[in-house]
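Survey of secondary and tertiary structure
Below are the chains, spelled out letter by letter.
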Amino acid sequence: MNIVSLTLLAGTLAIAPSFAHAQTTDLGSAENNAALTLVGRIPVPNMTGTWDHLTVDLATDRLFASAQEDNQVRVFDLVARKPLYTISGGFDRPQGLYYVPGANALAVTNGKDGSLRSFNGKTYEPIKILPLSLGADMMDMDPKTKYLYVDHGGVDSSRGPGALAIVDSNTWDKVGEVSTEYRPAALQIEQHGDRLFVLIPGLSQVAVVSLTNNQIFARFQLATPAQPIALTLDETNHRAFVVNRRPSSFNVLDMDTGRPIATLDTIEGVESMYLDTRLHRLYLTALDGYVQVIQQIDVDHYKTIARFFTGHHAGTSQFVPNLNLLCVAVPPVEGQAAEIWLFQPKP
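Presented here is a report on the structure given in the accompanying data block. Remember, it's a predicted structure, so these values are computed and weren't measured experimentally. Each chain carries its own residue numbering, running from 1 in the direction its sequence is written. In keeping with the model being predicted, local features are shown solely for residues with a pLDDT of at least 70 and side-chain atom pairs are shown and tallied solely at 80 or more, while totals for entire chains, interfaces and linings include all residues. Values shown for side chains rest on all heavy atoms present in the structure; no hydrogens or waters enter the calculation.

1. Concerning the overall build of the protein chain
The secondary structure content of the protein chain amounts to zero helices and 29 strands. Whereas a compact globule of 347 residues would reach a radius of gyration of roughly 20 Å, the protein chain reaches 19 Å, a difference of no more than 12%. Viewed in the frame of its principal axes, the protein chain has a C-alpha envelope of about 55 × 50 × 35 Å. Burial here depends on accessible area, computed with a 1.4 Å probe over protein chains only, as a share of the maximum for the residue type. Under 20% is buried, over 50% is exposed, and the range in between is partly exposed. Buried positions account for 59% of the 347 residues belonging to the protein chain. Contact between two residues is taken to exist if any of their heavy atoms lie within 4.5 Å; hydrogens are not considered. A separation threshold of at least 6 residues defines the contact pool for the protein chain, and within that pool the share at least 24 residues apart is 45%. The helix count covers DSSP runs of H or I at least four residues long, the strand count covers runs of E at least two residues long, and both are numbered beginning at the N terminus. As a reference, a globule follows 2.2 Å times the number of residues to the power 0.38, and the radius of gyration itself is taken over C-alpha atoms.

Here is the structure:
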């Protein structure tokens, strides 16, 4: 298939000048806003660094959090709202996390040594160490093959060729690779299709991969410099949501063609973004400590309904639909306590 390159020129978007400054005016507070209710805080003892990623085991309602400088993965019970366990030993800056439900296993990428480490989800005992390359980070799983796609490397970050390693979650062997050359970032696989979407920040692109042949067949070119950092999909309405950092913006694209639909200003330093399909909302969390909630009015129109501060450097989050919880990880920096804040969406 021919590569599709759709350039979003400044002249194409009449609203492009609004990218110039991110909005920082509060719309409510953590305790009082239009979108989320703060329902709990889980204390995290003996933590000294910052968080990187979260993942959840939906069968047991356990939350896993990578404490990168501490070289640990913390485990929490979201129902009892308490710490459960600390996995430690052998990590070298743990970053990305993915819980594989069928295999009852936890996958952990390590940014400094470029490894993917797997653990038994019940006993927390190590299973295997798979060498990749420096910067190994985010992951997603093909629901059909049970293959994990793991981003690593990048010529633009002096980490060697960028790629998505394809890893069999049953054997933890590498079975293939998708070449990206530049550093790949956030990625998401369709649940009802055969495409993988991955951000390429160094090229200001969203690359689209065919899971049939593991080749990039389309590239959606964003207005440069965009540095796309967060991604999520609305498969029902064929929309891809992309957050850029330069300048900060929330962008809605047609996920089949890359056509720009809408743009909003965002908080600075977005790290995580999730779609709440029940309430048609998007939850964004950022390194500046803010949460932003965007309401989907219809498939082409969006509005910010809440924006409030949680804690410094609290950009790591996870939305858990079955528990109706947004989890925000607050690190112990600038005098604040390490905690997992739990928010419940308001109807």
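2. Remarks on the packing of aromatic side chains
For this analysis, a ring pair means two rings from Phe, Tyr or Trp (six-membered ring only for Trp) whose centres lie within 6.5 Å, classed as stacked if their planes differ by under 30 degrees, edge-to-face if by over 60, and tilted for the remaining angles. For the coordinates displayed, the defined rule picks out eleven aromatic pairs. Ring centres of Trp-51 and Phe-76 lie 6.4 Å apart, and the angle between their planes is 65°; this geometry places the pair in the edge-to-face category. One end of the pair, Trp-51, is in strand β3 (residues 51-57); the other, Phe-76, is in strand β5 (residues 72-77), and 25 residues separate them in sequence. For the residue pair Trp-51 and Phe-76, the accessibility class agrees, reading buried in each case. Judged by centre distance (5.7 Å) and plane angle (15°), the ring pair of Phe-241 and Phe-250 falls under stacked. You can call Phe-241 buried: its relative accessible area is 0%. Among the aromatic side chains, those forming a connected cluster through ring pairs are Phe-241, Phe-250 and Tyr-302.

3. Focus: the sheet that holds strand β28 (residues 325-330)
Strand pairing in a sheet takes place through backbone hydrogen bonds and is either antiparallel or parallel in direction. Strand pairing is assigned whenever DSSP identifies at least 2 bridges connecting the two strands. Strand order across the open sheet formed by four strands is β2-β29-β28-β27, with antiparallel pairing between neighbours. On the outer flanks of this sheet lie β2 (36-43) and β27 (316-320), each paired with one strand and no other. When strand polarity is set aside, the average angle formed by the axes of neighbouring strands in this sheet is 20°. Pairing of β2 with strand β29 (residues 339-345), which is carried by seven bridges, proceeds in the antiparallel orientation. In the sheet register, Leu-36 faces β29, and the bridge partner there is Pro-345. Angles run from 0 to 180 degrees between N-to-C directions of axes, and those axes are lines fitted to C-alpha atoms, restricted for helices to the stretch in contact.

4. Focus: the sheet that holds strand β19 (residues 228-234)
Judged by pairing direction, the sheet is antiparallel, and its four strands sit side by side in the order β19-β20-β21-β22 without closing on themselves. The open sheet has two free edges, formed respectively by β19 and β22 (260-265), since each of these has just one partner strand. This sheet shows a mean twist of 20° between the axes of neighbouring strands, independent of strand direction. With seven bridges joining them, strand β20 (residues 239-245) and strand β21 (residues 248-254) adopt antiparallel strand pairing. The residue bridging Ala-240 from the neighbouring strand is Leu-253, located in β21.

5. Concerning the pairing of strand β4 (residues 62-67)
Buried residues dominate β4, accounting for six of its six residues. Burial along β4 is two-sided: Arg-62, Phe-64 and Ser-66 and Leu-63, Ala-65 and Ala-67, pointing in opposite directions, are all buried. Of the strand pairs in this sheet, β3 and β4 are connected by five bridges, and their pairing is antiparallel. Note on β4: the bridge partner recorded for Asp-57 is Arg-62. Where β4 and β5 come together, six bridges link them in antiparallel fashion. Bridge assignment links Ala-67 to a residue of β5, and that residue is Gln-72. Linking two consecutive strands that pair antiparallel, namely β4 and β5, is a turn of four residues; a positive phi of about 55° is found at Asn-71 within it.

6. Considerations on the nonpolar core
Nonpolar core, defined: a set of buried Ala, Val, Leu, Ile, Met, Phe, Trp, Tyr and Cys residues in which side-chain atoms within 4.5 Å join the residues together. Core analysis: the largest hydrophobic core is formed by 19 residues, its most contacted members being Phe-241, Val-243, Phe-250, Met-273, Leu-282, Leu-284 and Tyr-302. Counting 18 residues, the second-largest nonpolar core is a separate cluster that includes Ile-42, Val-56, Leu-63 and Val-320.

7. Some details on the side chain of Asp-140
By the element assignment, Asp-140 lies in strand β11 (residues 139-141). Under this rule, positive means Lys or Arg and negative means Asp or Glu; His and the chain ends count for nothing. Here, a salt bridge means any side-chain nitrogen of Lys or Arg that lies within 4 Å of a carboxyl oxygen of Asp or Glu. One buried charged side chain, Asp-140, makes no salt bridge at all; its nearest oppositely charged neighbour is Lys-146, positioned 11 Å away. Polar contacts here mean pairs of N or O atoms no more than 3.5 Å apart (in protein, one a potential hydrogen donor and the other a potential acceptor; neighbouring residues in sequence count only if both atoms are side-chain atoms). At 2.8 Å, the side chain of Asp-140 forms a polar contact with the backbone nitrogen of Ile-189.

8. Here we look at the layout of surface pockets
By volume, the second largest pocket amounts to about 530 Å³. Looking at the second largest pocket, it is lined by 30 residues, and the ones nearest its centre are Asp-52, Gln-95, Asp-137, Arg-183 and Glu-271. When residues of the lining of the second largest pocket are traced back to their parent elements, those giving at least two are β3, β12 (147-152) and β23 (270-276). Per element, the largest residue contribution to the lining of the second largest pocket is three residues, and it comes from β3. Here the residues of the lining of the second largest pocket are counted per class, giving seven nonpolar, 14 polar and nine charged. For each structure, a 1 Å grid was placed over the protein atoms alone; sets of points admitting a 1.4 Å probe that cannot get out are labelled cavities, open sets with protein on both sides within 12 Å along at least five of seven lines are labelled pockets, and lining residues have an atom within 4 Å of a point. Grid points are joined across faces, edges and corners, and a volume is the space filled by probe spheres set on the points. Gly counts as polar in this scheme, as do all residues outside two lists: the nonpolar Ala, Val, Leu, Ile, Met, Phe, Trp, Tyr, Cys and Pro, and the charged Asp, Glu, Lys and Arg.

9. Points about the environment of Leu-326
Among the secondary structure elements, Leu-326 is positioned in strand β28. On a C-alpha basis, the gap between Leu-326 and Phe-343 in space is 5.0 Å, while along the polypeptide they are 17 residues apart.

These figures come from the coordinates and say nothing about function on their own.
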